[in-house]
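# Close look at the chain arrangement
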Amino acid sequence: MNKNSTSHSTPLPTREGQGGGSSSSLKSTLAVSLNNYLDAGAIVAGSSGITLWQNYLGLSEMHLGWLNALSANALGAAIGAIIGGFLADKFGRKFIFTYNLLVYMLGVLIIMLAFSYPMLLCGFLITGISVGIGVPASWTYISESSEVNNRGRNICISQMSWGIGPMVILFFGMLFAPGGYLYAPVESLAHAVIGADAAQSAVEVFSSRVVFFTLFVVAFIAWNLQRQLQESAVFEQGKAKEKSGIVENIKMLFSSRVAVRSVIFLATIYLTWNLVASVMGFFMPHVYETAGGLSNETANMLSCISWVFVVVTTFIISFYVDKVAHRFFYVFGLAAALTAWILVIGGSITSIGGIWLFTILWGINNGSSVQVFYALWGSELFPAKFRAGAQGLMFFIVRGLSAVWGLVFTFIYGENGEGFTVAAWCMIVLLLIALIVGFIGAPNTRGRSLDDIVKERYGDTV
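### Some points on the overall build of the protein
Across its full length, the protein carries 20 helices and zero strands. Per-residue burial for the protein yields a buried fraction of 61% across its 462 residues. In the protein, the proportion of contacts linking residues at least 24 apart, taken out of those at least 6 apart, comes to 83%. For the protein, the computed accessible surface area is about 16,900 Å², with 69% contributed by carbon and sulfur atoms.

### With respect to the nonpolar core
Counting residues in hydrophobic clusters, the biggest one holds 135 residues, and the most contacted among them are W341, W377 and F382. With residues up to four places along the chain from it excluded, the contact list for W377 reads F265, L266, I269, H326, Y330, A442, P443 and T445.

### A closer look at the pattern of salt bridges
Opposite charge on two side chains lets them pair, provided their charged atoms get close. By the definition in use, this model includes seven salt bridges. Between R387 and E144 there is a salt bridge, with the nearest N and O atoms lying 2.8 Å from each other. One end of the pair, R387, is in helix α18 (residues 387-413); the other, E144, is in helix α6 (residues 117-144), and 243 residues separate them in sequence. A residue is classified by how much of its surface remains accessible, and R387, at 0% relative accessible area, is buried. Each of D89, R93, E144 and R387 takes part in one network of salt bridges that share partners.

### A look at the environment of A340
Looking at where A340 falls in the secondary structure, it is placed in helix α15 (residues 326-345). Overall, A340 belongs to the buried group, its relative accessible area being 0%. Put simply, A340 and L357 are 17 residues apart on the chain and 7.4 Å apart in space, counted from C-alpha to C-alpha.

### Description of the confidence of the model for the protein
Detailed reading of the predicted coordinates is not advisable wherever pLDDT falls low. Per-residue confidence for the protein gives a mean pLDDT of 85, with 89% of residues at or over 70. Predicted confidence is poor over residues 1-14, with pLDDT under 50, and the contacts of this stretch with residues over four places away or in other chains come to 31 contacts. Low pLDDT, under 50, characterises residues 17-21; the predicted model gives this stretch eleven contacts beyond four residues in sequence or across chains.

### A word on the packing of helix α8 (residues 183-194) against helix α10 (residues 206-226)
Relative to each other, α8 and α10 sit at 100°, their axes nearing to 9 Å. One element, α8, and the other, α10, form an angle in the roughly perpendicular class. Packed against α8, whose contacting residues are V186, L189, A190, V193 and I194, the element α10 presents F206, S207 and V210 at the interface.

### As for α15
For α15, which comprises 20 residues, the first-to-last C-alpha distance of 29 Å matches the rise-based estimate of 28 Å (1.5 Å per residue) to within 8%. Taken together, the buried positions of α15 are occupied by H326, F329, Y330, G333, L334, A336, A337, L338, A340, W341 and V344.

### With respect to the packing of aromatic side chains
Evaluation of the coordinates by the stated rule reveals 24 aromatic pairs. Seen in terms of ring centroids, W341 and F358 are 5.3 Å apart; in terms of plane orientation they differ by 90°. Their pairing is edge-to-face. Linking W341 in helix α15 with F358 in helix α16 (residues 352-367), this pair joins segments that are 17 residues apart in sequence. Among the aromatic residues, ring-to-ring pairing joins W139, W162, Y270, W273, W307, Y374 and F395 into one connected group. Positioned above the aromatic ring of F206, the side-chain terminus of R209 is 5.2 Å from the ring centre. Sitting above the plane of the F439 ring, R327 keeps its charged end 5.2 Å from the centroid.

### Things to note about helix α7 (residues 151-176)
Taking 1.5 Å of rise per residue, 26 residues should cover 38 Å, and α7 covers 38 Å from first to last C-alpha, within 8% of that figure. Counting buried residues in α7 gives 21 out of 26 residues, a clear majority hidden from the surface.

### Notes on the packing of helix α4 (residues 75-91) against helix α12 (residues 246-255)
Two numbers describe how α4 lies on α12: the axes approach to 9 Å, and their chain directions differ by 115°. Classed by the angle they form, the pair α4 and α12 counts as roughly perpendicular. Crossing geometry of α4 relative to α12 is assigned as right-handed. Contacts between α4 and α12 involve F86, L87, D89 and K90 from the former and I246, N249, I250 and L253 from the latter. Tallied by class, residues from the contact of α4 with α12 come to five nonpolar, one polar and two charged.

Reading the values: rules and limits
- Residues numbered from 1 in each chain as written.
- Predicted model: local features only at pLDDT ≥ 70, side-chain atom pairs only at ≥ 80, totals over all residues.
- Heavy atoms only, no water.
- Helix = DSSP H or I, 4+ residues; strand = E, 2+ residues; numbered from the N terminus.
- Buried < 20%, exposed > 50% of the residue type's maximum accessible area, 1.4 Å probe, protein only.
- Contact = heavy atoms within 4.5 Å.
- Areas by Shrake-Rupley, 256 points an atom, 1.4 Å probe, with all protein chains shown as cover.
- Core = buried A, V, L, I, M, F, W, Y, C linked by side-chain atoms within 4.5 Å.
- Salt bridge = Lys/Arg side-chain N within 4 Å of Asp/Glu carboxyl O.
- pLDDT = per-residue confidence, 0-100.
- Axes fitted to C-alpha atoms, helices over the stretch in contact; angles between N-to-C directions.
- Parallel < 35°, antiparallel > 145°, perpendicular 65-115°, else oblique.
- Expected span 1.5 Å × (residues − 1).
- Phe/Tyr/Trp six-rings, centres within 6.5 Å; stacked < 30°, edge-to-face > 60°.
- Lys NZ or Arg CZ within 6 Å of the ring centre and 35° of its normal.
- Left-handed = near helix turned anticlockwise from the far one by under 90°.
- Nonpolar A, V, L, I, M, F, W, Y, C, P; charged D, E, K, R; others polar.

What follows is the structure in structure tokens.
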């Protein structure tokens, strides 16, 4: 990692690798954060209409498990991340922003036009791969373009986008769902496209097609904004002084004990939390419908409200994350998650009051989630030459195992939610592991430049 020319006795630059004000980093953060909107939006767009696709195509719980496994929620994103991370380190962060969302739009278009299970599965996979490609470059770019004292804030803004996406998508899902306020125009559109005598299930699934169309529009807007961004100054500085290939970067990553330990730590906390979050991201409305006995419209409404709490919580934390110890907010979020699942063990999910409390607590957890600190620490604990690649590797591990877990979860959960209590105990154990490991291993990076952090950890070896 190349040191800035500024010494410790002089003030740090306002931005990593270059000068500039907070408005500049905020503008680029907002543009790149749309990737998080599209990531979470793709997951929740699938989940909000999963029952409609199930009725339309006659899908079993196993079919749903494979959709989850190959989607942006799991394996699709895992494949994309391992590719995108090292490509971002080799060709630049802007290279990813220039082309990747074209792949995303292709995947969403296939889902919109799907008339068979293989076609739907293909669309989910392509969309998921694009999401995975974009994530390491996005978090890396945000950190590298942020001011030293606003890096946590900008990551929180990215997390807010991750919350706004599902909130908006679930709101659309609620409006367009059968029985929703805007279902009549959807029904008319469906009849105009597939005929007046079309099966009811074929008509109803058009509400999900319309929801995916909104993602297509946002992806197009994000692509136009991101391809106008300047390359990360940190990446440009490193590229000018040293040129290394993808293979060399991978070798350096695995030959450094510090880097390997960081990968193990971050992958552990993110994996254990994400095994819970990935299931809830895809199956939450389905769980409300089967275990809670709610309608599709009500299930989407509660899921949407949960994401409101995500956004509000993250917004509040963004003002303090660069001023208060990271460990405090890390524990706070996991405490909310554990409380939510303990209530589930007590049978509260079957009552409307319990469902509301679970919804609020899970929203608070996502707002102060492990993902916030994984994204922050993941971009701080590695040198620029394999910063995105390390994140891509960890994302590959986490989302890949989440794919397997998504299939296992369908067996534990059962066709009608009969195994929900056993599944809840699994969630509690995973969240406890994330809490303990993260509390012990939380790094002291707040208020320090990326250069300073890397210099302390790696010395002059990278």
